[in-house]
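The chain contents come next:
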Amino acid sequence: MFRVIFHLDMDAFYASVEQRDSPALRGKAVIVGAPPTQRGVVCAASYEARKFGVRSAMPSITAGRLCPDGVFVRPRMERYREESDQIMHLVAATGAVLEQVSIDEAYLDVSALCQADEPDAALLDSVSLARQLKARIRTERQLTATICVGSNKLLAKIASDHQIPYGLTLISEKDKVQFLRPLPVRALYGVGKVTEEALHRAGIETVGDLQDHPGDLRALAGSFGPKLRQFAFGEDHRPLELGEEIKSISGEETFLKDTDDRKVLRACLREQAADISARLKRHRLGAHTVQVKVRYSDFTTLTRQISLEESLTEPDDLYRLACFLLAREKLVSRPLRLLGLGVSGLREPAGQQLVLI
Ligand SMILES: [Mg+2]
């Protein structure tokens, strides 16, 4: 039996659910998030809106400026979660082994469903299965999914990061080394900013440069070196994660003296955001949900959160969303005894949009 892995990703999920539920929104630049007249951020954008440069986590005011005809819609997380359950249920019914990585994304191990006597034949064999699954999601849920195929998670995900909407991509075993060559090193799972910079300093820009590098990659990437070399050649033995992984990361601080001093609170959030970001990066994760927690002098405790379609890792993004939540919910109406920042909805961060050179 040869390994066949699908990466399934719903196309512009939140916005597509909105467009499906409200026919008036179809074909329009839909921006899910706070209206541009308010302080707030974009949670998701339809393809029509993305053409104007609208992106998740962008302030709504900026989105309104880039896309003046955009239709702003309030997010309905409950609805998206319900829809996600329906889709994952439908996917699991194929008999595939399923690892759901976020509300709209999953890996499927379909090896057992593909009969063939060599690896590429198994991959090709799986394409009809992928097509059927896409068609079922379209007919039963009126939504489109992108499904990409490879012999492991690394390749299936990279194929997905290259996707044009509504596509189906397969990276074959025969072509994988060639396929990876022109990609920037950042395209590989586990290569973050620090590793990327170290590789760039050594003159390694593309995955091809990595493949050709004669020395030990440990000198450049530490203990990640040997794995990085495997990834560069399209080899990845990571199994699907079926158990419970880390669910959330958070930090909080109790002040010596209750305070509503914005400077103190901002410094505290900056520090927490930096710490959480470092931990996310260490686990090679991104976060979909950012939460703030406040406690007042009388021990009343409130938490407020926001979820985005895209995952975040950078401290500035976490910090900005935390400040946004504090302001939107007017949480600093009186001095705080405690302030906390947390993230959940953790998963492998989205790959950069890649351009084939
Ligand atoms: Mg998606």
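In case you missed it, the structure is sitting above this.
Residues numbered from 1 in each chain as written. Predicted model: local features only at pLDDT ≥ 70, side-chain atom pairs only at ≥ 80, totals over all residues. Heavy atoms only, no water.

**Q** Provide a residue-level description of unusual backbone geometry, including the pertinent values.
**A** Positioned with a positive phi, Gln142 is a non-glycine residue whose angle comes to about 50 degrees. Among the structural elements, Gln142 can be located in the loop between helix H5 (119-141) and strand S7 (145-150). Not every positive phi belongs to a glycine, and Phe299 is a case in point at roughly 70 degrees. Inspection of the secondary structure puts Phe299 in the loop between strand S10 (286-296) and strand S11 (301-312). (Helix = DSSP H or I, 4+ residues; strand = E, 2+ residues; numbered from the N terminus.)

**Q** I'd like a rundown of the packing of aromatic side chains, residues and numbers included.
**A** Going through the model one piece at a time under the given rule, you end up with 4 aromatic pairs. Seen in terms of ring centroids, Phe224 and Phe231 are 6.2 Å apart; in terms of plane orientation they differ by 70 degrees. Their pairing is edge-to-face. Of the two residues examined, Phe224 and Phe231, each falls in the buried class. Taken together, the ring pairs in this structure connect Phe13, Tyr14 and Tyr80 into an aromatic cluster. The aromatic ring of Tyr47 is capped on one face by Arg50, whose charged end is 4.8 Å from the ring centroid. The residue whose ring lies beneath Arg270 is Tyr319, and the NZ or CZ to ring-centre distance is 3.8 Å. (Phe/Tyr/Trp six-rings, centres within 6.5 Å; stacked < 30°, edge-to-face > 60°. Buried < 20%, exposed > 50% of the residue type's maximum accessible area, 1.4 Å probe, protein only. Lys NZ or Arg CZ within 6 Å of the ring centre and 35° of its normal.)

**Q** Pulling in residues and values, what's your account of the sheet that holds S10?
**A** One open sheet holds the 4 strands; their spatial order is S9-S12-S10-S11, and the pairing between them is antiparallel. The two strands at the open ends of the sheet, each matched to only one other strand, are strand S9 (248-259) and S11. Sheet twist, expressed as the mean angle between neighbouring strand axes with direction ignored, is 15 degrees. Where S10 meets strand S12 (residues 336-347), 10 bridges bridge the pair, whose relative direction is antiparallel. (Pairing = 2+ DSSP bridges. Axes fitted to C-alpha atoms, helices over the stretch in contact; angles between N-to-C directions.)

**Q** Lay out the environment of Ile5 with the relevant residues and their values.
**A** Here Ile5 shows up in strand S1 (residues 5-10). Looking at Ile5, the relative accessible area reads 0%, which means it is buried. C-alpha separation for the pair Ile5 and Leu154, spaced 149 residues apart in sequence, amounts to 9.4 Å. Not counting residues within four places of it along the chain, the set of residues in contact with Ile5 comprises Tyr107, Leu108, Asp109, Cys148, Val149, Gly150, Ser151, Asn152, Lys153, Ala156 and Leu240. (Contact = heavy atoms within 4.5 Å.)

**Q** Explain the coordination of the magnesium ion to me, and be specific about the residues and the numbers.
**A** Looking at the metal site, the magnesium ion is ligated by Asp9 (OD), Met10 (O) and Asp104 (OD), spaced 2.2 to 2.3 Å from it. Written as a sequence motif, the donor residues of the magnesium ion are D-M-x93-D. A residue pair is termed long-range when its members are at least 10 positions apart, and Met10 in strand S1 and Asp104 in the loop between strand S5 (97-102) and strand S6 (105-109) qualify at 94 residues. Overall, Met10 belongs to the buried group, its relative accessible area being 3%. Owing to a relative accessible area of 3%, Asp104 belongs among the buried residues under this scheme. (Donors = N, O, S within 2.8 Å, 3.2 Å for Na, K, Ca; no water.)

**Q** Tell me what's going on with the pairing of strand S2 (residues 30-33), and back it up with residues and numbers.
**A** Burial of S2 is two-sided: the residues Val30 and Val32 facing one way and the residues Ile31 and Gly33 facing the other way are all buried. Alignment of S2 against strand S4 (residues 71-73), held across 3 bridges, turns out to be parallel. Considered in S4, the bridge of Val32 is made with Val73. For S2 and strand S3 (residues 42-45), the ladder comprises 3 bridges, and the chain directions are antiparallel. Across the sheet, residue Ile31 finds its bridge partner in S3, namely Ala45.

**Q** So what's going on with the sheet that holds S3? Which residues, and what values?
**A** Taken together, 3 strands build an open sheet; the order of strands is S3-S2-S4 and the sheet is mixed. Both outer strands of the open sheet, S3 and S4, are each paired with one neighbouring strand and no more. Taking each pair of neighbouring strands and ignoring which way they run, the sheet shows an average axis angle of 30 degrees. Helix H1 (residues 13-21) rests against S2, S3 and S4 of the sheet, and its axis sits at about 115 degrees to S2.

**Q** Hey, could you go over the packing of H1 against helix H4 (residues 77-92) for me, with residue numbers and the actual values?
**A** Interaxial distance between H1 and H4 falls to 10 Å at its minimum, and their mutual angle equals 95 degrees. As judged from the angle between their axes, H1 and H4 are roughly perpendicular. For the pair H1 and H4, contact is made by Phe13, Tyr14, Val17, Glu18, Arg20 and Asp21 and by Met77, Arg79, Tyr80, Glu83, Ser84 and Ile87, respectively. Of the residues belonging to the contact of H1 with H4, the class tally is 6 nonpolar, 1 polar and 5 charged. (Parallel < 35°, antiparallel > 145°, perpendicular 65-115°, else oblique. Nonpolar A, V, L, I, M, F, W, Y, C, P; charged D, E, K, R; others polar.)

**Q** Describe in detail helix H6 (residues 153-161), supporting the description with residues and values.
**A** Burial analysis of H6 places 9 of its 9 residues in the buried class, the great majority of the element. Residues Lys153, Leu154, Leu155, Ala156, Lys157, Ile158, Ala159, Ser160 and Asp161 constitute the buried set of H6. For H6, the N-terminal cap is Asn152; the gap from its side-chain oxygen to the backbone nitrogen of Leu154 is 3.2 Å. (Polar contact = N/O pair within 3.5 Å; in protein donor to acceptor, adjacent residues only side chain to side chain.)

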